Amino acid sequence: MNWDEATAQDFIKKLEEAVKRKRGGGDFPCPLCTNNEWEVPPGFTISTLQSELPNLSLGGPSIPSIPIICKNCGFLAQIALGPLGMFPKGEKAMLGAQSEHAN
Ligand SMILES: [Zn+2]
């Protein structure tokens, strides 16, 4: 899965649909400042899960996501791809896969 404008538009559409399913539509306010304008930077983030500290291990379980940033205060949220049905195929070892949350 590569980042491009179609991925960004698909993400925004699916996030809006998910919010609408639970809230019935309307604004999507920032939890800090209540601003309704968000930025989607051009790329994914991957949060790696660590089973022990303080050592850092790479290549283990992770949560692929897309960040959103409040345009007013900079509040940063990461939206996991799995629940939105955007989980990369063949990446079932990663957490947040749609199949793990589907029902
Ligand atoms: Zn804000």
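Residues numbered from 1 in each chain as written. Predicted model: local features only at pLDDT ≥ 70, side-chain atom pairs only at ≥ 80, totals over all residues.

Draft legend 1. Quick peek at unusual backbone geometry. Here the bond from Leu53 into Pro54 is cis, since omega is 5°, no more than 30 degrees from zero. Following the sequence through the fold, Pro54 ends up in the loop between strand E2 (45-48) and strand E3 (62-70). Positioned with a positive phi, Thr34 is a non-glycine residue whose angle comes to about 70°. Counting through the fold element by element, Thr34 comes out in the loop between helix H1 (5-23) and strand E1 (38-39). (Helix = DSSP H or I, 4+ residues; strand = E, 2+ residues; numbered from the N terminus.)

Draft legend 2. Highlighting the pairing of E3. Direction of pairing for E1 relative to E3: antiparallel, over a ladder of two bridges. Across the sheet, residue Glu39 finds its bridge partner in E3, namely Ile69. Both E2 and E3 contribute to a ladder of four bridges, which runs antiparallel. Following the sheet pairing, Thr48 is matched in E3 by Ser62. Sheet analysis places E3 next to strand E4 (residues 76-80), joined by five bridges and oriented antiparallel. Residue pairing for E4: Ile69 is matched across the bridge by Leu76. (Pairing = 2+ DSSP bridges.)

Draft legend 3. Summary view of the environment of Lys71. Checked against the element boundaries, Lys71 lands in the loop between E3 and E4. The class for Lys71 is partly exposed, based on 14 C-beta atoms found within 10 Å. Residues Lys71 and Val40, spaced 31 residues apart in sequence, show a C-alpha to C-alpha distance of 9.8 Å. Ignoring sequence-local partners within four residues, the contact set of Lys71 consists of Asn35, Glu37, Trp38 and Glu39. (Buried ≥ 20, exposed ≤ 12 C-beta atoms within 10 Å, placed from the backbone. Contact = placed C-beta atoms within 7 Å.)

Draft legend 4. Structural context of the nonpolar core. Counting five residues, the largest nonpolar core consists of Phe11, Ile66, Leu81, Met86 and Phe87. Aside from chain neighbours lying at most four places away, what touches Met86 is Asp10, Phe11, Lys14 and Leu81. (Core = buried A, V, L, I, M, F, W, Y, C linked by C-beta atoms within 7 Å.)

Draft legend 5. Seen up close, the confidence of the model for the chain. The predicted model of the chain averages 85 in pLDDT, with 84% of residues at 70 or higher. The model gives residues 97-103 a pLDDT under 50, and that stretch makes ten contacts with residues more than four places away or in other chains. (pLDDT = per-residue confidence, 0-100.)

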